[in-house]
Amino acid sequence: MNVNGSRFDLLLGRADWGRCLDGDGDRARTVASWWDGAVVSPPVELPPRLPAWDAQRAELTLPPLAIDLPSTPGEARLQPEARRAAAADRYGNVYHVGPDGASLHVTSRGARGAGAFWPAAPEACETDRERARLDFAPVREPEPAAPERYRALAVTRDDYLVVAFAAGDARGFLSFDLVAGGPPVRTLWPGALGFEPIDMAPRAGGGVWVLDRTTRDDSRLLWELDRRLAVVSTAQPADTLEPAEADDFQPLDGTTRERPAVTFPGGVELTGATGWTIEPIAIDTVGKGSVLLLDVDPVDGRSRVVRVRRDTGGWSADPSRWLDELPDPAHDFVFAKAPLYGQADAVERLFIATVRGNQARAFVVTDSPVSFELSAATELFPLRLYGGRALLSIRGAAHYDSGVPIPAWTPIVHQPRARFGQVAEIVTPVFDSGDLGTTWDRVLLDGCIPPDALVEIHSRAGDERADLLDGSASPGVDTPQVMGAWLPEPRPHLRANGPELPWLRAEAAVATRRDAGAGTWETLLQNARGRYLQLRIRLSSASGIATPRVRALRVWSPRFSYPERFLPAVYREDETSGSLLERWLANTESTLTGIEDRVVNAQALFDPRAAPAEALEWLAEWLDVAFDPRWDERRRRLFLEHAMEFFQWRGTVHGLLLALGMAFDACIQADAFAAPEGQEKGPRGVRIVEAFQTRLVGALVAGDPGSPGAGLQPVRREALWTPAEGNAGLADRWAAVRKRKVTAAEEITPFSLVPPAGDGAGAWKAFAEAELGFVPAIGAAERTLWQRFLAGRYDSAAALRAAHGTHFSSFDSVELPRDWPEAEAYREDWEDFSGRLDGAWMRGRWQDFLARRYRRIERLNGAWMTSWPAFPVVALPDVLPETAAAQEDWLRFERQVLGMHRTAHRFSVLLPVADVAADPYELEARLGLARRIVELEKPAHTVFDVRYYWAFFRVGEARLESDTQIGAGSRAPELIPSAVLGRAYIGASFVGGAATPNGGDRLVLAC
């Protein structure tokens, strides 16, 4: 509804247009029933004036017509003998029978010409001179074998080239292993069966299908051979090769012993009284268990396709209708893909070449367990210099042989030529405005009307539905309904401001650049007054080359009358001039209403979901945000819609994941901006690892038995030292490491938290790491600072002893105070040292830790049994504290608090890598982008690094969970790309061999 209260009725999509009626206007049959091929009783032909539906572009068009290329004068019709057997492997190498029928040739992918494949080259064979050097030689040369003639061939799904041959009376197959190479394996066929292959096709799972013309009764048989080229048994009667005979040696007593008959499985009968075809000439496969046969009626010259498949009850056949679209009998066919002009993806079609040989007719195949149908396509696929030699599929694409005498495998390409019927009409459903006497406003058509095409609109309206054709009659009734007369309306004109429907604007912009006359066409209704309205739309083309294309239709009502609203009644007294003024001002009303709509709906500009794409940058400026130029429209709208949530999480792990997801996640959704529920919801996601959450224990403690250079080592599982063991327990552990008993003095002497001097420092550090879980360091650093302070204040150790009343023999042996000193000079020195700022950061953290833990110094002294006057003078311990509480405080501070402090404010960003052949320059660019994003979004006091991680399954490094992918095996070529110097990794690629001299892509593995 617009600002003036007008509404529109819309026809958009196949379902809406299918509710229309055909152009006759007197039948209650919808267009959809014609499009769906529904049959009425009695059967009627398709109306010639019915429009067609283009499902690819979702548009209404003139009915397309197939283009029949005429024969070249003097050109002979193709004969079956012109066909040349050919097949391609999965890499695009084509194998075919030579012109002489006694050799096989191969056209390697990328090579310019064909090379000999079989028989082998003479230099690879044993020569007479080499045989003469043998110690034993035949007395006479063997009789020359009959030359082999090749009839048909196919490449199986498991990479074997199977060729049917005939040599004299011998029949059989040659099987070439295209992966391992080497000479072929010969499989002979029983000579009594009269084997004459016509065509072969690969079988799902390995093996081949063979179309056979037997020489016994000139019938047609279908043979199914498995991957070992053994005949798959059918329900047909078996052929008897040798009857049962009595054995030459019989027992003296008992029954007669005889040799059983030798039988051979029977093939599937295709012709004759029990067959499904008349004269099959070619075979191809579709689906897993279906075989297509190209059948020709030589009497009537008609052709059809028969689907033969195996089901639970045996073999069954589903013949298609006779293909009357073919002007001549069929010659060959192939089921493959071919690109269509203007479309990115190739479409799969059944291409049939006739004996005329200048074009391939395309058919859409409907292959389901319950039906098999062929629908003729109207695209033009010309064949140049075809000559009837070969139609085949190369890597899924349809090709034909256009070379004489050297084969040239040319793809079947769509030529963008089209023909259409000149006229088509359609009658819309009845539109209801809901008000009597409604003046219907205008009709808008979204589509394309080329210069030589035309769209005409007729209307009829009334306040009673009976005045219109409402489709209430019974199907098949031809009695005309009571209806009003059709009145012509002005021809539509192309609007300059584009379509009204938002989802058609982008398509209209593309179509305007591609097609002339694309956009929204508008016409002002002149004669439509009444509650009900019906339109008749007539599409026409003068040349039949171009067609109008109608995507959507909108009918606006009621008309907002400027004369009634803004002018005096005198301007409407005269009916003729009043009508003219009404229609003249309606043009202005259309323009002004569009402007008023934008003013009234200005709030839509502030909604990221409804704002135009060009306004998104403007909305982002409100947030002081500049969009990444690589963001698409969906990603920009998503960010603006959830900008408040994004800024709410800024500076957190979840906020960093959101920022990185907007840059790297191709499928980011709105739920990503919700409260975090864990970093990893799916495979191959960006991960952030905070350093303080990483493992703090060694590899052996974590269960890794490996150690560099030391082989396997035992893993110690003992518990770490705790304050419950006291100083004596730690002394016992230290004595056990040194393999001696602990003395009484060592049990009462506080364990030193400073490593000893000399060679024992390494053993002491290893002991501390194993028993404490860390190496104490803060006490040693503090003691060193204290010793330097005293050395700068006193001239000698004797003066220090006299002032402090201690027994230290030198400055190097001075220890930190364990309690508040008694001597006045000692207290003054310690207060001065504690107030120094140099090197005091660790001492300050220790004192802050104690102040937060005990709150008052009296509680500390009570737990520690000390007399410290305040927290700022409490010394760091350089020996194990005496009480259990003090030991617990020191252990928690140095093992946990300092351990977290060393890794605090540090994190790593891990980006996934899913392709072993990823471009290293692209990977480096992604790293740089991630660094810039994290630098902008991270807290200022943090430090980070960005790295890649492997997102697929790796043995020993992945969990069988959301990021485990199961796919192709290790031999899949996409997982083992070719190595490129400076860009490949060991184990992720392979080094290829030298190319063949003829420029092909085959590798020389051996001579």
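1. Describing the overall build of the protein
In terms of regular secondary structure, the protein is built from 21 helices and 47 strands. Each of the 1007 residues in the protein was classed as buried or not, and the buried ones make up 43%. Sequence-distant contacts, at least 24 apart, represent 60% of the contacts inside the protein between residues at least 6 apart.

2. Observations concerning the confidence of the model for the protein
With 82% of its residues at a pLDDT of at least 70, the protein reaches an overall mean of 81. Ranking the helices and strands of the protein by mean pLDDT puts strand β6 (residues 86-88) first, with 95, and strand β44 (residues 706-707) last, with 43. The model gives residues 122-132 a pLDDT under 50, and that stretch makes five contacts with residues more than four places away or in other chains. Contacts from residues 470-482, a stretch scored under 50 in pLDDT, to residues over four places away or in other chains number 16 contacts.

3. A closer look at the nonpolar core
Trp786, Trp830, Trp846, Trp864, Trp868 and Trp890 are the most contacted members of the largest nonpolar core, which has 44 residues in total. Broken down by secondary-structure element, the contributors of at least two residues to this core are α12 (726-737), α14 (760-771), α15 (778-793), α17 (824-834), α18 (841-854), α19 (857-864) and α20 (884-903). Excluding residues that lie within four positions of it along the chain, Trp830 makes contacts with Trp786, Leu816, Pro817, Trp820, Trp868, Val873 and Ala875. Membership of the second largest hydrophobic core comes to 33 residues, among which are Ala611, Phe664, Phe673 and Leu911.

4. Examining unusual backbone geometry
Working note: non-glycine residues mostly have negative phi, and peptide bonds are mostly trans. For the peptide bond that leads from Trp118 to Pro119, omega is 0 degrees, which places it in the cis range. Mapping Pro119 onto the fold places it in the loop between β9 (115-118) and α3 (128-132). At the junction of Ser557 and Pro558, the peptide bond is cis and its omega measures out at -10 degrees in the coordinates. Tracing the backbone shows Pro558 in the loop between β42 (549-557) and α5 (562-566). Phi at Leu385 is positive, roughly 55 degrees, even though this residue is not glycine. Tracing the chain through its elements places Leu385 in the loop between β29 (372-376) and β30 (391-394). In this structure Leu385 comes out as exposed when scored by relative accessible area, which is 54%.

5. Focus: the pairing of β42
Across the nine residues of β42, nine count as buried, placing the element largely inside the fold. By the bridge criterion, seven bridges tie strand β36 (residues 442-448) to β42 in an arrangement that is antiparallel. Each bridged residue has a counterpart across the sheet, and for Asp446 the counterpart in β42 is Ala552.

6. With respect to the sheet that holds β6
Pairing within the open sheet is antiparallel, and its four strands lie in the order β6-β7-β8-β9. Two strands bound the open sheet, and with one partner strand each, they are β6 and β9. Pairs of neighbouring strands in the sheet enclose a mean axial angle of 30 degrees, with direction left out of account. The sheet contact formed by strand β8 (residues 104-107) and β9 spans three bridges and is antiparallel. Within the sheet, the bridge partner assigned to Leu104 lies in β9 and is Trp118.

7. Overview of the pattern of salt bridges
Evaluated as defined, the whole model comprises 58 salt bridges. Where Arg442 meets Glu522, a salt bridge forms, and the shortest distance between an N and an O atom there is 2.4 Å. With Arg442 in strand β36 and Glu522 in strand β40 (residues 518-524), this residue pair connects regions lying 80 residues apart in the sequence. Across this residue pair, the class does not change: Arg442 and Glu522 are buried. The residue Arg892 makes a salt bridge to Glu888 at a minimum N-O spacing of 3.6 Å. Taken together, the residues span about one helical turn, with Arg892 and Glu888 both in helix α20 at a distance of four residues. Here Glu888 falls in the partly exposed class, since its relative accessible area comes to 28%. A single network of salt bridges, built from pairs that share partners, joins Asp54, Arg57, Glu59, Arg549 and Arg551.

8. A few points about the sheet that holds strand β22 (residues 280-286)
The sheet built from four strands is open, its strands ordered β22-β23-β24-β25 with antiparallel pairing. Edge strands, defined here as strands with exactly one partner in the open sheet, are β22 and β25 (314-319). Direction aside, the axes of adjacent strands within the sheet are offset by 25 degrees on average. Here strand β23 (residues 290-297) pairs with strand β24 (residues 302-311) via eight bridges, running antiparallel. Looking at β24, one finds that Leu292 is bridged to Arg307.

9. Observations regarding helix α21 (residues 920-937)
End to end, α21 covers 26 Å across 18 residues, agreeing with the expected 26 Å (1.5 Å per residue, within 8%). If you check which residues of α21 are buried, you get Leu923, Leu927, Gly928, Leu929, Ala930, Ile933, Val934 and Glu937. Buried-residue contacts for α21 involve α9 (643-648), α10 (653-664), β46 (906-913) and β47 (943-950). Sitting at the amino-terminal end of α21 is Asp919, which places a side-chain oxygen 3.2 Å from the backbone nitrogen of Tyr921.

10. Describing the packing of aromatic side chains
Within this structure, the stated rule accounts for 38 aromatic pairs. Considering the side-chain rings of Tyr95 and Phe117, the 5.2 Å spacing of their centres and the 70 degrees angle between planes classify their relative orientation as edge-to-face. Of the two residues, Tyr95 sits in strand β7 (residues 94-97) while Phe117 sits in strand β9, which places them 22 residues apart along the sequence. On the basis of an interplanar angle of 15 degrees and a centroid distance of 5.9 Å, the ring pair of Trp786 and Phe789 is categorised as stacked. Of this pair, Trp786 and Phe789 both sit in helix α15, three residues apart, roughly one helical turn. The pair Trp786 / Phe789 is uniform in exposure class, with both members buried. Ring pairs connect the aromatic residues Phe173, Trp189, Phe195, Trp223 and Phe264, which therefore count as one cluster.

Calculation rules
- Residues numbered from 1 in each chain as written.
- Predicted model: local features only at pLDDT ≥ 70, side-chain atom pairs only at ≥ 80, totals over all residues.
- Heavy atoms only, no water.
- Helix = DSSP H or I, 4+ residues; strand = E, 2+ residues; numbered from the N terminus.
- Buried < 20%, exposed > 50% of the residue type's maximum accessible area, 1.4 Å probe, protein only.
- Contact = heavy atoms within 4.5 Å.
- pLDDT = per-residue confidence, 0-100.
- Core = buried A, V, L, I, M, F, W, Y, C linked by side-chain atoms within 4.5 Å.
- Pairing = 2+ DSSP bridges.
- Axes fitted to C-alpha atoms, helices over the stretch in contact; angles between N-to-C directions.
- Salt bridge = Lys/Arg side-chain N within 4 Å of Asp/Glu carboxyl O.
- Expected span 1.5 Å × (residues − 1).
- Polar contact = N/O pair within 3.5 Å; in protein donor to acceptor, adjacent residues only side chain to side chain.
- Phe/Tyr/Trp six-rings, centres within 6.5 Å; stacked < 30°, edge-to-face > 60°.

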